[in-house]
There are 2 protein chains.
Amino acid sequence: MPRSRRGGAALPPGSVIGILGGGQLGRMLALAAARLGFRCRVFCPDAESPAFDVAAGQVIAAYEDVGALDAFAENVDVVTYEFENVPVAAASRLAKRVPVRPGVRALAVAQDRLAEKEFLSGLGIPVAPFAAVDDEAGLGKALAAIGAPAILKTRRLGYDGKGQATIPADDQAGYQAVAAFDAIGRAPAVLERFVPFAREVSVIAARGLDGRVAAYDPVENVHRNHILHTSSVPARVSPETAGEAASIAGRILAALDYVGVIGIEFFVVEEAGRERLVVNEIAPRVHNSGHWTEDACEVSQFENHVRAVAGWPLGPAGRHSDVVMTNLIGADAAEWLALAAEPGARLHLYGKREIRPGRKMGHVNRLVARV
Amino acid sequence: MPRSRRGGAALPPGSVIGILGGGQLGRMLALAAARLGFRCRVFCPDAESPAFDVAAGQVIAAYEDVGALDAFAENVDVVTYEFENVPVAAASRLAKRVPVRPGVRALAVAQDRLAEKEFLSGLGIPVAPFAAVDDEAGLGKALAAIGAPAILKTRRLGYDGKGQATIPADDQAGYQAVAAFDAIGRAPAVLERFVPFAREVSVIAARGLDGRVAAYDPVENVHRNHILHTSSVPARVSPETAGEAASIAGRILAALDYVGVIGIEFFVVEEAGRERLVVNEIAPRVHNSGHWTEDACEVSQFENHVRAVAGWPLGPAGRHSDVVMTNLIGADAAEWLALAAEPGARLHLYGKREIRPGRKMGHVNRLVARV
């Protein structure tokens with residue numbers, strides 16, 4: 001039985017938001033949705049998904065389970081997703097029955113590094129020089145075209161540094177290029193010229209169903225072992241660079257007719273005393289580098305994502321505090337009691353059953369100063 | 001099988017907090033608990049409880065169902081409650097098996113107006129002149145002792161003005177006193193002298209397992225039709241009165257060896273240019289007049305209640321903004337779209353399935369100015 005409220009511009013409170021993926025991002029989306037009176041139904045293959053604990057409905061099924069997908073579509077008013085590796089086939093199947101926001105195109109573009117790079121450069125947005133690599137012969141041609149140092153990345157399913165291998169500048173004989181190709185399992189790949197960046201920043205931005213955009217201030221990110229370690233706001237970039245980053249975000253959102261929150265990672269290159277932005281990658285979802293918005297902004301990235309996918313007006317993305325977000329990775333989370341006692345530290349834990357090395361267990365936002 | 005983590009000073013993340021009652025207060029407690037990595041299990045007789053939608057576990061059972069209570073105790077690490085009319089027998093039964101916070105005594109005192117008044121006056125805390133009324137003869141004696149105008153209130157199960165009837169000053173023949181007694185069903189009652197108050201304020205305060213107290217700033221409350229309409233901070237009271245209110249809160253918390261958040265309602269009486277406080281009632285739980293803390297404080301009443309019952313250190317109760325909280329009663333909630341679009345308005349909806357007259361559907365916090 002189709003749900004009667006479907007298709008209206010703004011979903012009323014009590015509507016059901018379907019979330020594909022049950023990790024911490026889904027959990028925080030569900031918490032934000034609950035505050036606005038929505039119910040959430042979370043679809044995830046993993047029975048121990050953190051988002052299940054705060055959702056009104058849970059579906060434990062594979063993304064290839066068409067029966068489960070069809071039933072899910074019947075029981076929700078809109079579908080969103082918390083990670084970019086949801087199979088496009090699953091999202092497309094759902095989209096025939098219920099609005100999927102952000103749309104399938106954003107998902108398809110973001111989950112293939114080659115499609116993403118081509119999309120961005122097609123918009124005239126600067127990216128690292130890149131070339132597709134399908135086989136060892138192609139690798140040689142790509143290296144000749146792009147130069148080294150370079151990074152070989154699988155087109156699909158990479159995250160937190162997985163599926164990547166570096167080719168140094170002095171790889172005269174090409175041994176390390178072949179080793180890199182082996183390291184990523186000889187999967188279809190993109191070779192990217194290494195960008196000599198001074199720092200990494202990202203922009204979290206939301207676009208509503210009405211096309212309006214709200215962009216949060218750029219955030220400066222520091223990675224450790226390829227995993228985000230801290231995000232600090234304000235980022236050390238000029239006002240012009242900050243404006244350019246927001247402008248690029250707006251162009252990407254418009255080109256994808258995007259609905260929801262997007263995370264856009266940039267390299268900041270310093271050349272001759274000037275800053276230049278290069279887009280590293282985009283994530284069609286709420287983003288780890290946006291967790292600071294929960295405590296330093298009136299409306300968080302999670303609430304704005306919910307507002308967007310529900311067809312509600314976006315809330316303000318203004319920031320009231322300078323803040324440093326620190327991820328709690330693995331055993332970092334064992335310090336929960338000290339963090340809970342630290343004045344000015346806002347602790348967020350994801351309810352994961354087990355601490356594992358490299359696992360994102362929570363984060364802490366430290367408010368540094370009022371703006 | 002007893003849970004192994006029980007009895008430790010601070011419950012680790014992943015512990016299960018049992019909540020008796022599934023209304024909006026339980027829902028907001030569950031949301032705050034989830035953010036700290038806890039799981040919640042909600043016990044409520046009503047299958048359509050708003051808190052069920054955000055809790056990892058749900059028990060639909062009567063508070064008299066001892067089998068359900070015993071099973072609940074086995075599956076949680078601590079028990080708290082979101083309303084004061086949980087039967088003491090249920091709380092006592094649970095307390096034999098698992099910590100119940102706040103304790104059973106606070107519950108027993110707060111759910112009987114006579115016990116509450118006697119407890120407060122025993123501490124030397126000013127309350128309205130009162131007398132117990134068990135029958136019509138007692139009513140006459142009480143009226144003679146207390147005088148009129150007065151309010152006759154059932155000892156138990158009153159809320160939002162229910163179970164109350166007024167006796168005016170000019171009730172010479174006593175007809176209206178008898179009518180008032182009839183109106184409250186001739187239930188055991190307390191007669192309270194009417195307090196000619198200038199305004200109503202409340203204090204929301206938390207006490208940790210370690211005995212430390214964090215009190216939020218006094219809030220000024222306006223009721224309509226006996227239901228809280230707005231709560232505004234700062235309240236229009238002198239610094240001395242604000243200090244006195246916090247001091248009274250501290251004495252009540254200490255006397256009850258209380259763990260958790262309490263709401264204490266005061267009348268402010270103005271006499272000869274001076275303010276005097278009279279405690280109207282206490283609520284051994286998070287409180288509607290504390291909802292402003294969600295958006296105007298670093299740590300909300302809900303998080304501090306969770307911290308307290310979990311044995312965690314309390315968070316700061318400081319306030320960063322002036323704020324007005326407005327309840328959305330019944331059809332007020334139909335304005336959700338306009339409220340969502342209002343800059344500076346933070347909307348909270350409870351996910352109740354049906355709008356009914358007089359039903360609390362949500363609230364909105366309007367931040368007025370930074371402190």
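What counts, and at which threshold
Residues numbered from 1 in each chain as written. Chains lettered and ligands numbered in written order. Predicted model: local features only at pLDDT ≥ 70, side-chain atom pairs only at ≥ 80, totals over all residues. Heavy atoms only, no water. Domains from an automatic or database assignment. Contact = heavy atoms within 4.5 Å. Buried area = accessible area lost by both parts, 1.4 Å probe. Salt bridge = Lys/Arg side-chain N within 4 Å of Asp/Glu carboxyl O. Polar contact = N/O pair within 3.5 Å; in protein donor to acceptor, adjacent residues only side chain to side chain. Helix = DSSP H or I, 4+ residues; strand = E, 2+ residues; numbered from the N terminus. Pairing = 2+ DSSP bridges. Axes fitted to C-alpha atoms, helices over the stretch in contact; angles between N-to-C directions. pLDDT = per-residue confidence, 0-100. Buried < 20%, exposed > 50% of the residue type's maximum accessible area, 1.4 Å probe, protein only.

K.L.:
With reference to specific residues and values, describe the domain arrangement of chain A.
P.N.:
By the assigned domains, chain A splits into domain 1 (16–100), domain 2 (129–193) and domain 3 (199–370). Measuring from the centre of the C-alpha atoms in domain 2 of chain A to the corresponding centre in domain 3 of chain A gives 29 Å.

K.L.:
Before we move on, could you go through the interface of chain A and chain B and cite the residues and values that matter?
P.N.:
Contact with chain A, which involves 37 residues of that partner, is made by 37 residues of chain B. It is A:Arg35, A:Trp336 and A:Arg346 that lose the most area in chain A upon contact with chain B, and together they represent 20% of the buried surface on that side. Here chain A and chain B share four salt bridges between them. At the surface where chain A touches chain B, the tally comes to 12 residue pairs in polar contact (both at pLDDT 80 or more). Secondary-structure elements contributing two or more residues to the side of chain A that touches chain B are α1 (24–35), α10 (301–309), α11 (336–341) and β16 (345–349) of chain A.

K.L.:
Could you give an account of the sheet that holds strand β3 (residues 57–60) of chain A, with specific residues and numbers?
P.N.:
Residue and element names in this part refer to chain A. Here we have four strands laid out as an open sheet, ordered β3-β2-β1-β4, and parallel in their pairing. Each edge of the open sheet is held by one strand with a lone partner, namely β3 and β4 (78–81). Averaged over all pairs of adjacent strands, the angle between strand axes in this sheet comes to 20°, irrespective of strand direction. In the sheet, strand β2 (residues 39–44) pairs with β3 via four bridges, with the strands oriented parallel. Its bridge partner lying in β3, Phe43 is registered against Val59.

K.L.:
Provide a residue-level description of the confidence of the model for chain A, including the pertinent values.
P.N.:
Here chain A averages 94 in pLDDT, while 97% of its residues score no lower than 70. Below a pLDDT of 50 lies the segment residues 1–7 of chain A, which in the model reaches 19 contacts outside its immediate sequence neighbourhood of four places, other chains included.

K.L.:
Break down the pattern of salt bridges for me, with residues and values.
P.N.:
Residue and element names in this part refer to chain B. Under the defined criterion, the tally for this structure stands at 50 salt bridges over all chains. Between Arg113 and Glu281 there is a salt bridge whose closest N-O contact spans 3.0 Å. Of this pair, Arg113 sits in helix α5 (residues 113–122) while Glu281 sits in strand β14 (residues 274–283), and the two are 168 residues apart along the sequence. The two residues Arg113 and Glu281 agree in class, both being buried.

K.L.:
An account of the side chain of A:Arg199 is needed here, citing residue identities and associated values.
P.N.:
All names here are of chain A. Following the sequence through the fold, Arg199 ends up in strand β9 (residues 199–207). A polar side-chain atom of Arg199 sits 3.1 Å from a polar atom in the side chain of Glu270. When neighbours within four sequence positions are excluded, Arg199 is seen to be in contact with Glu220, Arg236, Phe266, Phe267, Val268, Glu270 and Glu275.

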